[in-house]
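Inside the fold
Next come the chains, spelled out residue by residue.
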Amino acid sequence: MYSRKLPYLLLLPSALFLCVFFLYPFVLVAWQAFVTDTGELTSEYFMEMATHWKFNTALINTLLLALAVVPFQIVLALYMATLVNGMKRGRDLILYIWTIPLGISDLAAGIIWLAIFEQTGFLNSFMQSLGFIEEPIGFLGYQNKGTIFVAIMLAEIWRATAIVLVILVAGMGLIPKEYYEAAEVFGASRWKQFTRITLPMLKPSLQTAMILRVILAFEVFAVVVALGGTNLPVLMGEIYTWQYDLRDSSVAAAYALVVLAISIGFTLLIMWGLRTPKGARV
Amino acid sequence: MIVRKSLLTLALAAGLSALGASAASAEVLFWSTQGNTVEESQAMRDQVLSGFEAGADFQGSESGPWITRIEAELQAGSGKIGVLGSLHGSFISLSDGLADLSDMDTTGVNSTFLELGKLGTDEQKYIPWMQATYIMAANKKALEHLPDGADVMALTYDQLIDWAKNMADATGSNKFGFPAGPKGLKHRFFQGYLYPSYTNSMVSQFRSPEAEEAWNKFKELWSYTNPGSTNFSFMQEQLLTDEVWVAFDHTARLADAFNQRPDDFIGFPAPAGPTGRGFMPVVVGIGVPSTAPDMEGAKELISYLSQPETQIATLRATNFFPVVDVELPDDMPPAVQLSGAAIAAMSGADDANPGLLPVGLGDLGGKFNAVYVDSFERIVLGGQDVREVLDDQADTLRALMEEAGAPCWAPDVASDGPCPVE
């Protein structure tokens, strides 16, 4: 039954699937971004994208959001994972509860937070009923870009920390107990155990979690649309606008390639930054 | 397992009902971007189309799916859609796929709109179906704050600004509202109201000194405008919550306010500027795709929809106004009476200066709107220099007009080539 070819045969369906549903559309998108209707190679679409007045704002907003959200999520998830792993009873229950937001679509998450921050939302009516404010505050108005940013940050952290948590909890389960026992014999503190054993041994899981989160952070869209409308442009929102409102697939394709390039760039950076030498793998 | 089973049943049922529907499809399929909310669709079926003997299947849709389906049918060379209903602008990109309706009886139909329906060709590409426009609405509480000597039925932009300021001073919050949300129709205000009122133009005078003045006036108005406006898309909502007292919007987007509390609101014409009272009539047309399965049935449906009685029924169902000469009965809903009065005062004003929806832009309509929206976001929201923004956006606009090759439309003076941006 077993043959050298078997693994490749088993991989074939998924490889084919990726070729048809990822590689082929990707080539089409790249073609759209670089080639005109008449078949000439052009950088015109990239120029149009880069010189558009919203491009820089969208790029900076996207990067800032990723920078503000991802590190916070990693630290939070590390802390939560340590708590979960230290629990003797009810570990699964807590894990299930913490991962509930994972089951909610990002648009729904955006709308939940919109209901909180709206001018007629929960936060305003709560503060009004306690007498902190007299008139409702327009948290999400165009002049409050800062609050919009914070609201999106909160929604993203609430929604997507769980995915990091799940990966880290699984990763921590893989660390052999012997290391900790040895550390305790030598009298290492909990903090020292965390920094010297957990963190280094967790590198592969951290790597996966960060790559996943960073890529998702650059694709942030529905939450931003729900909370910020057009007040806080991000790259994904611009792709949507160019494709559907401005009906220019070529510039939309150029934007898509920019998102792809940034994602690949950060993936390589994280892989390099958190690489584990071959001999040190468990 | 149970879930899977019920899903299967559901899929089967859906398949069966689809079969049933196609079996009974001697009806003409009426594919429309208008009347696409559940209530309006139901009203179209029950009150408007129930009198059509051959039977019509009304299907409302958002404009994206609408265009995708008809384009697909035209490309395939065969289809199910019998009659298309949509805004003037959406027909332009379909022009080649529309059957000629020149042989239809169009007596009584508004001739300006009929001309628009030719889409610049010799053929009648669509027949005007109904019309609407954008007006102003005010809560009666706001009227006491009108500046001295101002007549609400004949306001100027300066008076509107004073009014907004008076309301802000008196109430402590900005009571003027503007639909600047993501789905708001703000671009139509700049194209059809502000520009014609100050520059007597929509395109050619885009970066003129008069346009600069117009934007500065609008900035002044904005300083007394409810800051939540960037989230407002249907002003009837904010009028009904009293968040806003005076607002500009499409008649169909004010109708709920008028209908729910007819005694609390009035409708009135848009203000006038130095070059008249700019306003934008919106024309909705009905056309027949060349792929219609039953050409005769489709044409019958169109003549049915053009009859005065059907036009009045349509008005009741959708809040869009007739395009044929009809006498409106007295028992129309409040929204019709209130907006009807405003429209009559606006189009009948001595200084009326209509600006038409963009013509001949095809696919570039979205980018054309973006020029005005971007100018608004940069000048008003971003506080950028008016002159610089207008110069910059004028380049984009010029490139667009040249790419589309679209000649000028009212109120711009007709041009030979693409409409020039001076």
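Values in this document were obtained by computation on a predicted structure and should not be read as measured data.

**Overview of the overall build of chain B**
Scanning chain B from N- to C-terminus turns up 15 helices and eleven strands. Here the C-alpha radius of gyration of chain B, 23 Å, is about what a compact globule of 422 residues would show, namely 22 Å. By the burial criterion, 51% of the 422 residues in chain B qualify as buried. Across chain B, contacts joining residues at least 24 apart in sequence account for 74% of those joining residues at least 6 apart.

**Some thoughts on the interface of chain B and chain A**
Contacts between the two partners involve 15 residues from chain B, matched on the other side by 16 residues from chain A. Sort the elements by how many residues they give to the side of chain B that touches chain A and helix 14 (residues 365-381) of chain B lands first, with six residues. Taken together, the residues of the side of chain B that touches chain A break down into four nonpolar, seven polar and four charged.

**Focus on the pairing of strand 4 (residues 127-139) of chain B**
Residues and elements named next belong to chain B. By the criterion of burial, strand 4 is predominantly enclosed, with twelve of the 13 residues buried. Note: strand 4 against strand 10 (residues 321-322), two bridges, orientation antiparallel. Residue pairing for strand 10: Met-130 is matched across the bridge by Pro-322. Sheet topology note: the strand 4/strand 7 (residues 265-268) ladder contains four bridges and is antiparallel. Across the sheet, the residue bridging to Asn-139 is Phe-265, located in strand 7.

**Points about the domain arrangement of chain A**
All names here are of chain A. You can read the domains of chain A as domain 1 (1-42) and domain 2 (55-280). Its C-alpha centre places domain 1 at a distance of 30 Å from the equivalent point of domain 2. Residue-level contacts link four residues of domain 1 with six residues of domain 2. For the side of domain 1 that touches domain 2, the residue count by class is three nonpolar, one polar and no charged.

**A few points about the packing of helix 2 (residues 38-48) of chain B against helix 12 (residues 308-318) of chain B**
Residue and element names in this part refer to chain B. Between helix 2 and helix 12, the least distance of the axes is 9 Å, while the angle of their chain directions is 155°. In terms of their interaxial angle, helix 2 and helix 12 are classed as roughly antiparallel. Helix 2 and helix 12 meet at a crossing whose hand is right-handed. Residues Glu-40, Ala-43, Met-44, Gln-47 and Val-48 of helix 2 pack against Thr-310, Ala-313, Thr-314, Arg-316, Ala-317 and Thr-318 of helix 12. Within the contact of helix 2 with helix 12, the residues separate by chemical class into five nonpolar, four polar and two charged.

**A short note on unusual backbone geometry**
Residue Asn200(B) is not a glycine yet carries a positive backbone phi of 55°. As for its placement among the helices and strands, Asn200(B) is situated in the loop between helix 7 (186-199) and helix 8 (209-222).

**As for helix 14 of chain B**
Turn by turn, an α-helix covers 3.6 residues, leaving residues three or four places apart pointing in a common direction. The first and last C-alpha atoms of helix 14 of chain B sit 23 Å apart over 17 residues, in line with the 24 Å expected at 1.5 Å per residue. Looking one or two residues past helix 14 of chain B, Gly383(B) carries a phi angle of roughly 65°, positive in sign.

**What to know about the domain arrangement of chain B**
In many reports, interface size means the accessible area that the parts give up when they come together. Residues and elements named next belong to chain B. Partitioning chain B into structural domains gives domain 1 (27-132 + 282-337) and domain 2 (133-281 + 351-404). Computed over C-alpha atoms only, the centres of domain 1 and domain 2 are separated by 29 Å. Domain 1 puts 14 residues into the contact, and the matching count from domain 2 is 16 residues. When residues of the side of domain 1 that touches domain 2 are traced back to their parent elements, those giving at least two are helix 4 (88-92), strand 4, strand 9 (281-287) and helix 13 (334-347). Per element, the largest residue contribution to the side of domain 1 that touches domain 2 is three residues, and it comes from helix 4.

**Topic: the packing of helix 9 (residues 190-218) of chain A against helix 12 (residues 249-273) of chain A**
Two quantities define a packed helix pair, namely the angle between the helix axes and the distance between the axes. Residue and element names in this part refer to chain A. For the pair helix 9 and helix 12, interaxial distance at closest approach is 10 Å and the crossing angle is 160°. Judged on the interaxial angle alone, helix 12 and helix 9 are roughly antiparallel. Crossing geometry of helix 9 relative to helix 12 is assigned as right-handed. Contacts from Gln-207, Met-210, Ile-211, Val-214, Ile-215 and Phe-218 in helix 9 reach Val-259, Ile-262, Ser-263, Phe-266, Thr-267, Ile-270 and Met-271 in helix 12.

**Details of the nonpolar core**
Grouped together as the largest cluster of nonpolar side chains are 181 residues, with contacts concentrated most on Leu168(A), Leu227(A), Tyr255(A), Ala137(B) and Val246(B). Ranked by residues supplied to this core, first place goes to helix 7 (residues 145-173) of chain A with eleven residues. The residues touching Val246(B), leaving out its near neighbours within four places in the chain, are Met136(B), Ala138(B), Ala142(B), Trp163(B), Ala164(B), Lys175(B) and Phe176(B).

**Concerning the pairing of strand 6 (residues 246-250) of chain B**
All names here are of chain B. Extensive coverage of strand 6 is indicated by the burial of five of its five residues. Sheet topology note: the strand 4/strand 6 ladder contains five bridges and is antiparallel. Counted as the bridge partner of Ile-135 is Asp-249 from strand 6. The pairing of strand 5 (residues 176-177) with strand 6 spans two bridges and is parallel. Note that in strand 6 the partner of Phe-176 across the bridge is Val-246.

**Quick look at helix 1 (residues 6-34) of chain A**
All names here are of chain A. A rise of 1.5 Å per residue sets the reference length of helix 1, with its 29 residues, at 42 Å; its end C-alpha atoms lie 40 Å apart and thus fit the reference within 8%. The largest bend in helix 1 amounts to roughly 40° and is located at Leu-12, with the proline Pro-13 lying one to four residues further along. Among the 29 residues of helix 1, one are classified as buried, and the element is accordingly described as predominantly exposed.

**Some points on the confidence of the model for chain B**
All names here are of chain B. Overall, the prediction assigns chain B a mean pLDDT of 88, with 94% of residues at 70 or greater. Residue range residues 1-24 is modelled with pLDDT below 50. Its contacts to residues more than four positions away, or to other chains, number zero contacts. Reported confidences for the modelled complex are a pTM of 0.76 and an ipTM of 0.72.

Scoring rules and cut-offs
Residues numbered from 1 in each chain as written. Chains lettered and ligands numbered in written order. Predicted model: local features only at pLDDT ≥ 70, side-chain atom pairs only at ≥ 80, totals over all residues. Helix = DSSP H or I, 4+ residues; strand = E, 2+ residues; numbered from the N terminus. Rg over C-alpha atoms; globule rule 2.2 N^0.38 Å. Buried ≥ 20, exposed ≤ 12 C-beta atoms within 10 Å, placed from the backbone. Contact = placed C-beta atoms within 7 Å. Nonpolar A, V, L, I, M, F, W, Y, C, P; charged D, E, K, R; others polar. Pairing = 2+ DSSP bridges. Domains from an automatic or database assignment. Axes fitted to C-alpha atoms, helices over the stretch in contact; angles between N-to-C directions. Parallel < 35°, antiparallel > 145°, perpendicular 65-115°, else oblique. Left-handed = near helix turned anticlockwise from the far one by under 90°. Expected span 1.5 Å × (residues − 1). Core = buried A, V, L, I, M, F, W, Y, C linked by C-beta atoms within 7 Å. Bend = angle between axes of the 7 residues up to and from the residue. pLDDT = per-residue confidence, 0-100.

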